[in-house]
Each structure stands twice: as C-alpha cells, then as structure tokens.
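# Observations on the model geometry
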Amino acid sequence: MEVESGSDDFIDDDDDFGGSRGKNVKGKGKAIDRRKKDKGKGKINEQAYAWEASYTRSWDTVQEDEAGSLQSAVDDLLARGRRRRLLAPSSAFRRTIIRHLILLLDLSASMMDRDMRPTRFDLMLEYSREFVLEWFDQNPLGQIGVVGMRAGVGERIGEMSSNPQDVLKAIADRHKLEPAGEPSLQNAIEMARSSMSHLPTHSSREITIIFGSLTTVDPGNIHDTLDACIKDKIRISVVALAAEMKICREMCDKTGGQFGVAINDGHFKDILFELIPPPTQRAASKAGGGASNPSADLMMMGFPTRLPDTSPPALCVCHSELKSEGFLCPRCSAKLCDVPTDCDICGLMIVSSPHLARSFHHLFPVKPYDAVMEASLSSPSANCHGCEAPFPKTASAMSGEGISPLGRYKCPICLNDFCSDCDVFVHDVVHCCPGCGK
Amino acid sequence: MSDFAVEPSSHMSVILDLTPAQWYLSSLPKNEYPLSFRSFLSQTLAFLNSHLASKHENTLAVYGALPGKSVILYSSTDSSVGQDETVADANSYQPFKTVDSVVASQITDELDALGDSDEEAPCQLVGALTKALCHINRIMNPNFTTGASDAPQPTREPRIIILSVSPDLSTSYIPIMNSIFSAQKLKVTIDVCKIFGPDAVFLQQAAHLTGGSYIYLERRDAYLQHLMMTFLSPRSVRGILAVPTQEKIDFRAACFCHKTIVDIGFVCSVCLSIFCQPVPVCSTCRTKFPMKTLQRLNASRPSFPPQPVVRSMSAARTPTTSTPPGTRTPSVSNHHADRTTSISSSASAKVNGSSSVAVGNGMTP
C-alpha cells in the first residue's frame, strides 16, 4: 500500500508541473470516460481525477474490535473531532461581522466552455445561488451586490442588498445573463469599487470574482485600479475556472484576499465556499498595511417589534404598500417591511436581535470538557447529565488522547459528567453547558 | 407501519417551571383567576396523558426547572429515570398511572429538597432547555455508543413545551438564544405557555423562530382547555388547525453590561456585543471606540421614543415669536398624522423635519 500511494503522489506532482504532455492528454481522455461512468452511477464520487487526490484507503484505517463492532472506530473519529476543536485558534475572535460583498461574475464567451458540466456558466450560477444563501446564513448583517463582466464593460446586475431573496432574484434568470464577448476586469472592479465607496469604515468591503477567461480587455492601467482598491481597503478574492493569471494572483495577494483555481466542480464549490466564513480582522490589517485598527466603531441599533399578519394593515415606509405584517422601528414607530435595514424615517439601523445573537457563540465558547480517565471515588452519577443516558459500567480497553475509557467527560465549571454524544453536541451545536448554563 | 406516512409519532418534552415563589403569587386570591400549583399539576397531568393517548408511539419527557437546578422528572424512553414503584391497578390505564405518580412524587422530592437559601436562586430554565435538547438529540440520532438499549426507532416530530411562570432572566439571554438556534437545527418546535407573570421576551422569540406558538394565559381557569386546543396537535397537523399565534413579537435584546432589556442599543462593530449606553471600550473584545463616535452618540442619546414628539414641538415653538402661529400649527399636526400613516412622501418631509430638529438641538446647549 505504501508503494502504491507513493506512486500516486509522483504522478500528482508530475501533473502539477505540466510534466509530459502525452500523459496529460491521455489522462484527460480517461477522465472523461470516468466521468461518464460516474454519471451513470448517480454522481456519487465528485473527485474527477483520482491521481490528484491524495490516495487514502479510508476503509483500511477503520479497525474492528474483538467483538467485531465498529464502536472503537467511531469513538476514534469523535476523539479526532475533539482534538481539532481544542486546536482551533482561540485568537480568531475578531472577525469582521458586518460585511459588504460584490459578487463579480464573468459573463464572457469563455464561460460557455463545457469543461465543467453542463457549462461553466450554468455551474457558476448554480453555485452562486447556494453561495448567496449560505453566505447570508453565516453573515446575517452583510450585504451582497452583483456585477457582471460582459462584452468589455461592467454591468450592474443586482444592487447592494441585505435580503437574500433580492440577490437570488437578480441571478435567477439565466437568459438575462447570457455570456457574450470579452471580460473587462478593470471596468467591473471600478464599478464595484464605486458602489462601495459610500460604506462606513467599520464594515468590510470585499469583491469576489468568479473568472473563467484567460484575458481581460481594459481601457486603462489595471494596476491603478488595484492601487485604488488597496487604498479603499477592498479585499479581492478570485476563483479562477481556467488557470492562474498573474494579475489575478497579484490582486488577491496585495489586497489580502484568497486566490484559487478550480480543478473540478467539487473543488470549485469548495474554494468558493471557503470565502463564506467571516474573515479575521487580523489578516485584514496585515494585508491592508494598517498597523492600528481604526475601523472599530460603536453603532446605535434598534430592535424592532414584529407585527403579525392579522394586525390592521398600514402603509410601509419602504415601498408605500398596504401591509399587515411588518416591523416597527423602536424610535419613530415607522413600519418597515424587512429587517435588517436602516429606518427610512429616522435612519436608525434596525436589526432583530437573533441576527446579532447568531454570532455570540464565537464570543463565549463553552469550555472544553475534560475526559475522565479513572473512576473517582466520589460516587459518580450513573447517567449523563445532559441526555440521561446511562454510562457504561466498565471501562473499555481502548484509549487515546482526549478519549475517556469510561465514556465520561466532565465540565470543568459545574463538574457534571456528560457522555461523548452530548459533549460533541454541546460544543458544536448548543454552545451552552446544561449543567452550569455558561 | 402504514399510518407512519399519515402522521409521524411525536416526542414531547415538557418543561415545568417550578419556582415556588411565583406559584405562591399565582395562587393568591387577589388575582382575577388564581391558579394554584395543585390544580396546575392535575391539569398538566391530564394533558400529558392525552398526549400519550393520542398515539401509541408518542413519547414523553418531563423536566423541572427549579431555582438553581434543573432535573428530569420523567422519561418514557428511559426506564432508568423515575422508577415506577406503583402496583398495577385494574381500574386504571397503567401508562397514565405511571406518569402521574412518577411526576408527582419526583416534584414532591425535589421541592422538599429545596432549602431556604436555594429559593432565592434564579430559575434554571436554560439548564432544563439544554437538557431537553440533548435528550432529543440522542433519541433523534440513535447512536451505537450510547443507544445500545434503544431499539431502532422511527423518525419522530420532536417538540418542547415550556410552561413558564417566572419572568425573563436577562442574564440567560445568550444561552437561551443559543438553545433556540440549536432547536432550529434539530427542527424542534418550541411552544410556550406563559401562565403567570409578565410577557417573556426571549420565550416569544423562541416560539417565533422555531415555528411554535406562544400563548399568554389570560383566563387561568381555562388552562387545560388552552393546553388541549393549542399544544396537543403535533406540527404536521397544525397547518390544518387554526392554532392561536402570538400577536406581536418583541425582538429586543439584553445588553451585556447591565443585563437590561433594551430596544435601542449600542453595538460593537467588531464582536456585536450590545450595550445599553455608549462605552469607551468594548468589554468583550477590548476594542477601543473613537472619541468622536462617543460624543456623537452621547449627544443623540436622549432621543428615546416619547422624546422626538416633544422636541419637534419645542423646535417648532422656538421660532414662533417671529412668525404667526397660525402657519405653524398645521405643519406640526401634519407631522403627527404622518407618523401613524407613514407614507413615503411624508417620509421625506419627516426627514427634513428631524434634520432641522437635530440642528436646533445642536445649537441649544
């Protein structure tokens, strides 16, 4: 097995450097065959080029115990999860939570390439929709605008909006977005930059470019645009579908963004979705060159009251439509259709408190539970403090770092014992210890 | 299982708020509809029985939120909780009898165990809620590690019913919100019946965000009827029935500094901590805020709800000496009319008005 994986690595390297042309061509033909087969099988395996993945025989790493059960393997996986959690950096605390993003879509003729199925264009639209939904789920206070690059100009497709439905509507109709002509990075970036120029300094400004072309048709010097973006602290990230372009890499490096070239559709999605979690501010200040952090600010926000759809209808201030349901601004009692938004009357920023609360578990994480290594004398409880599952009476033989042979994990504050299921659930989902409520 | 497609069995976790002081207040005869703990318990038990009776596969767990601690009182999925020592009785349905006797005896034990000092401690609703979630997590995802005794079970519709008598505990704002989000992830509906005391802001949000219903019990003598009509039906049936929903939902939050519930707060842009007044340094992430913002916010602070009306009047009144009052009064009353109808054309007028007010305000000190 060692030898096998070694040889795989070798091919992998060879391919990366564009080693032998013949091999590549052959590989591509093979890949297409493989993909067809995959399609027949219902697209179970998204990894198109087996030799590009690090070859692991995952079934060999799972070991049955003497009784023939897989419990030890499962426990091992759980323990690995625990360890990862413990290693997670505790300093990733300062994240830019209020984000403004312009999604820059390449709508040039090169997007009609069929190297990703069905076309690069269709796949891009599909992934962008998923991206927008997921992005708003994790960044409830953010806003997204959409700009297209088509026929040498930048085209505004969707205005900056904090409502995912608005953004989705903008990119819903593929016939309006039919690719044509050459893309112009400079024009599109200038357009995106100008639409973010009015934003307050405490929010982040980001441009995410999905770029399928290998050329850009610019009216002027794109490096001037790049300098302007650096000055405006705009972070540019590029997901390239074709190959790496020097200017794209440079833009990402200088503005502190991420650059990635998609190998296949699965990888495309992965690198696009890597851009979803809020970026840490430390990285931003390092890339932006700013030593201090002047962007922090205190904002006044209002928490509205929601009216039910049975309340007497009244005109909303945002669309002047007669509506029953809506939100009342706490300062001026104006009726708003949707939150988060700025009140049209008094300008107060209106957010519903659950929007803010979604990020609080980043601030106050649950202390990791200690694995109980030996049975203590002080009459341990028979059941898990969380789910009341009985603990095993006897210690199991397997051991490992972070795994308790007794299946008990103790909260360091309230000293209650929890089972491993609850340990994982409390730390990953609930973010609140059942014993001490912290 | 043919009727599984029609209506899945449901799991119900009931959280009883067992705060003795609040129950004493609730039973006082000076209330319009006093409800004593004894009658509350008997009506609740009738409700629990009807849940078990409505489908054979239905399961039940009962939690008690006591001052300073939370306990599981009964669970139909775990035999380990609440040992049944009652003898079978030919005249009663055994599962009902088990629930009744176990819940009643457990509550008696727990209340007896409470010392005088414990009674002052805040009610551990969060603990009961998170325990209920852990329990639901386990029975929804039967796992090899712990659920060895559990037979493979059909998917259930889980829900949590909170029977609350104590007021909101603003210190538990963050844990409650975290529990709500995890309930959303587990697709658990949270229903709330507020039996006594003021409206609970956080529980309103919990019910709203998880698709449950929040009932404020006005006629406490009709407690059982409310339970049966509102909370007995599982989620799949509620689309057909017109279950009462809450009127207004309060989206207010508790500030981190004084734990007061605020409707206009000051939020750190880095970590989104909420404060009830402008602070120079964020207590959570240690971010320093610029002096200019503080001054600006402090200047605009007195502008809380009742104030703007008064101020627009005074702003209108100050120049009255130079101009005839007849021209001004209608414009003021217009402003008031605009506030209620809130038409967008008036919106621009109001923006002008408020900006001029701001200028006037800036000049007065």
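Residues numbered from 1 in each chain as written. Chains lettered and ligands numbered in written order. Predicted model: local features only at pLDDT ≥ 70, side-chain atom pairs only at ≥ 80, totals over all residues. Heavy atoms only, no water.

Short version of the rule: UniProt positions are given in the numbering used here, feature names are shortened, and annotations may be inferred rather than shown by experiment.
An unreviewed UniProt entry annotates chain B as General transcription and DNA repair factor IIH subunit TFB4 of Rickenella mellea. Of chain B, the UniProt comment under Subunit (unreviewed entry) reads exactly: "Component of the 7-subunit TFIIH core complex composed of XPB/SSL2, XPD/RAD3, SSL1, TFB1, TFB2, TFB4 and TFB5, which is active in NER. The core complex associates with the 3-subunit CTD-kinase module TFIIK composed of CCL1, KIN28 and TFB3 to form the 10-subunit holoenzyme (holo-TFIIH) active in transcription." According to the UniProt record, the Subcellular location (unreviewed entry) comment for chain B reads "Nucleus".

For chain A, the name recorded in an unreviewed UniProt entry is General transcription and DNA repair factor IIH, with Rickenella mellea as its organism. UniProt, in the comment section headed Sequence similarities (unreviewed entry), describes chain A in these words: "Belongs to the GTF2H2 family."

## Structural notes on the interface of chain A and chain B
Heads up, the condition is: The contact criterion used is simple: two residues touch if any of their non-hydrogen atoms lie within 4.5 Å. Two parts placed together each lose some accessible area under a 1.4 Å probe, and the buried area is that loss summed for both. Throughout this description, a polar contact denotes any pair of N or O atoms lying within 3.5 Å of each other; where both atoms belong to protein, one of them has to be capable of donating a hydrogen while the other can accept it, and for residues adjacent in sequence the pair is counted only when both atoms sit in side chains. Each residue is assigned to one of three groups, with Ala, Val, Leu, Ile, Met, Phe, Trp, Tyr, Cys and Pro labelled nonpolar, Asp, Glu, Lys and Arg labelled charged, and all others, Gly among them, labelled polar. The pairing criterion for strands is at least two bridges between them, as found by DSSP. For helices the rule is a DSSP run of H or I covering at least 4 residues; for strands it is a run of E covering at least 2, with both sets numbered from the N terminus onward.
Contacts between the two partners involve 67 residues from chain A and, on the opposite side, 76 residues from chain B. For the pair chain A and chain B, the summed buried area comes to about 6100 Å², and 65% of that belongs to carbon and sulfur atoms. Our count for the contact surface shared by chain A and chain B stands at eleven residue pairs in polar contact (both at pLDDT 80 or more). Looking at the side of chain A that touches chain B residue by residue, the classes come out as 38 nonpolar, 18 polar and eleven charged. With five bridges connecting them, strand β7 (residues 298-302) of chain A and strand β10 (residues 264-268) of chain B associate as antiparallel partners. Opposite M299 of chain A, over in β10 of chain B, you have V267 of chain B as the bridge partner.

## Overview of the sheet that holds strand β11 (residues 274-275) of chain B
Going by this rule: Here an angle of 0 to 180 degrees is reported between the N-to-C directions of two axes, which are lines fitted to C-alpha atoms, with helices fitted over the stretch in contact.
Within the open sheet, the five strands sit side by side as β13(A)-β14(A)-β7(A)-β10(B)-β11(B). Their pairing is mixed. The sheet terminates laterally at β13 (341-342) of chain A together with β11 of chain B, the two strands that pair on one side only. In this structure, β13 of chain A lies alongside strand β14 (residues 349-350) of chain A, joined through two bridges in antiparallel fashion. Each residue of the ladder has a partner; that of D342 of chain A, found in β14 of chain A, is M349 of chain A. Against the sheet, helix α9 (residues 291-300) of chain B contacts β7 of chain A together with β10 of chain B, and its axis sits at roughly 30 degrees relative to β7 of chain A.

## Topic: the pattern of salt bridges
Cut-off, in case you're wondering: A side-chain nitrogen of Lys or Arg and a carboxyl oxygen of Asp or Glu constitute a salt bridge if their distance falls within 4 Å. Here the term buried applies to any residue with accessible area under 20% of the maximum for its type, exposed to any over 50%, and partly exposed to those in between, with areas from a 1.4 Å probe on protein chains only.
Per the stated rule, a full pass over the model turns up 18 salt bridges over all chains. Linking E206 of chain A and R99 of chain A is a salt bridge whose minimum nitrogen-to-oxygen distance equals 2.6 Å. Here E206 of chain A, found in strand β4 (residues 204-211), pairs with R99 of chain A, found in strand β1 (residues 99-106); they are 107 residues apart in sequence, far enough to count as distant. Judged by relative accessible area, which is 5%, E206 of chain A ranks as buried. On the basis of relative accessible area, R99 of chain A is assigned to the buried category, the value being 1%. Where E110 of chain B meets K69 of chain B, a salt bridge forms, and the shortest distance between an N and an O atom there is 3.1 Å. In this pair, E110 of chain B sits in helix α3 (residues 94-113) while K69 of chain B sits in strand β3 (residues 69-75), placing the two residues 41 residues apart along the sequence. Residues joined in a network through salt bridges with shared partners are D113, D115 and R120 of chain A.

## Quick word on the packing of aromatic side chains
Residue and element names in this part refer to chain A. For clarity, the cut-off: Aromatic rings from Phe, Tyr and Trp, taking only the six-membered ring of Trp, are treated as a pair when their centres fall within 6.5 Å; an angle between ring planes under 30 degrees marks them as stacked, one over 60 as edge-to-face, and anything in between as tilted.
If you walk through the whole model with that rule in mind, you get eleven aromatic pairs over all chains. Where W135 meets F136, the ring centres are 5.4 Å apart and the plane angle is 85 degrees; that geometry is what we call edge-to-face. What makes W135 buried here is its relative accessible area of 0%. On the basis of relative accessible area, F136 is assigned to the buried category, the value being 8%.

## Digging into the pairing of β10 of chain B
A regular strand places its side chains so that they alternate between the two faces of the sheet. Residue and element names in this part refer to chain B. Most of β10 is tucked away, with five of its five residues classed as buried. Neither face of β10 is left uncovered, since the one carrying I264, F266 and C268 and the one carrying G265 and V267 both have all their residues buried. Looking at chain direction, β10 and β11 are connected through two bridges and run antiparallel. Within β11, the position partnered with F266 by the bridge is F275. Hairpin connection of β10 to β11: five residues between the antiparallel strands, including L272 at a positive phi of 65 degrees.

## Observations regarding the nonpolar core
Which entries qualify depends on this criterion: In this description, a nonpolar core means a group of buried Ala, Val, Leu, Ile, Met, Phe, Trp, Tyr and Cys residues linked to one another through side-chain atoms lying within 4.5 Å.
Counting residues in hydrophobic clusters, the biggest one holds 101 residues, and the most contacted among them are L356 and F360 of chain A together with I15, I160, Y173 and I274 of chain B. Other than its neighbours up to four places away in sequence, I160 of chain B contacts S13, I15, L129, A132, L133, I136, V188, T189, I190 and D191 of chain B.

## A look at the sheet that holds strand β12 (residues 335-336) of chain A
Reading across from one edge, β12(A)-β11(A)-β8(A)-β7(B) is the order of the four strands in this open sheet, with antiparallel pairing throughout. The sheet is open, and its two edges are formed by β12 of chain A together with β7 (249-250) of chain B, each paired on a single side. Taken together, the three bridges between strand β8 (residues 305-307) of chain A and strand β11 (residues 326-328) of chain A define a ladder with antiparallel strand orientation. Paired with R306 of chain A across the two strands is F327 of chain A, which belongs to β11 of chain A.

## Concerning the confidence of the model for chain A
Residues and elements named next belong to chain A. Going by this rule: Per-residue confidence from the predictor is given as pLDDT, running between 0 and 100.
Put simply, chain A has an average pLDDT of 76, and 70% of its residues get 70 or more. Every residue in residues 1-44 scores below 50 in pLDDT, and together they form 29 contacts with partners more than four places removed in sequence or on other chains. Here residues 282-292 is a poorly scored stretch, pLDDT under 50, and it has six contacts once near neighbours within four places are set aside; other chains count.

## A look at the pairing of β3 of chain B
Residue and element names in this part refer to chain B. In terms of burial, β3 is largely enclosed, as six of its seven residues are buried. The pairing of strand β2 (residues 59-66) with β3 spans six bridges and is classified as antiparallel. What sits directly across from A61, in β3, is S75. Counted along the chain from β2 to the antiparallel partner β3, the turn is two residues long, and its residue G68 has a positive phi close to 80 degrees.

## Topic: helix α2 (residues 37-54) of chain B
Residue and element names in this part refer to chain B. Under the convention used in this document: Multiply 1.5 Å by the residue count of a helix minus one, and that product is the helix's expected span.
Taking 1.5 Å of rise per residue, 18 residues should cover 26 Å, and α2 covers 26 Å from first to last C-alpha, within 8% of that figure. For α2, every residue scored as buried is listed here: F37, F40, L41, Q43, T44, L45, F47, L48, N49, S50, H51 and L52. Residues of α2 that are buried sit in contact with β1 (10-17), α1 (20-27), β2, α3, β4 (157-164) and α7 (223-231).

## Focus: the UniProt feature "zinc finger region: C4-type" (unreviewed entry) in chain A
Per the UniProt record, "zinc finger region: C4-type" (unreviewed entry) is annotated on residues 329-346 of chain A. Its end C-alpha atoms 9 Å apart, residues 329-346 of chain A is made of 0% helix and 22% strand.

## Some points on the environment of S75 of chain B
Among the secondary structure elements, S75 of chain B is positioned in strand β3. C-alpha of S75 of chain B to C-alpha of H135 of chain B: the two residues are 60 residues apart in sequence and 9.7 Å apart in space.

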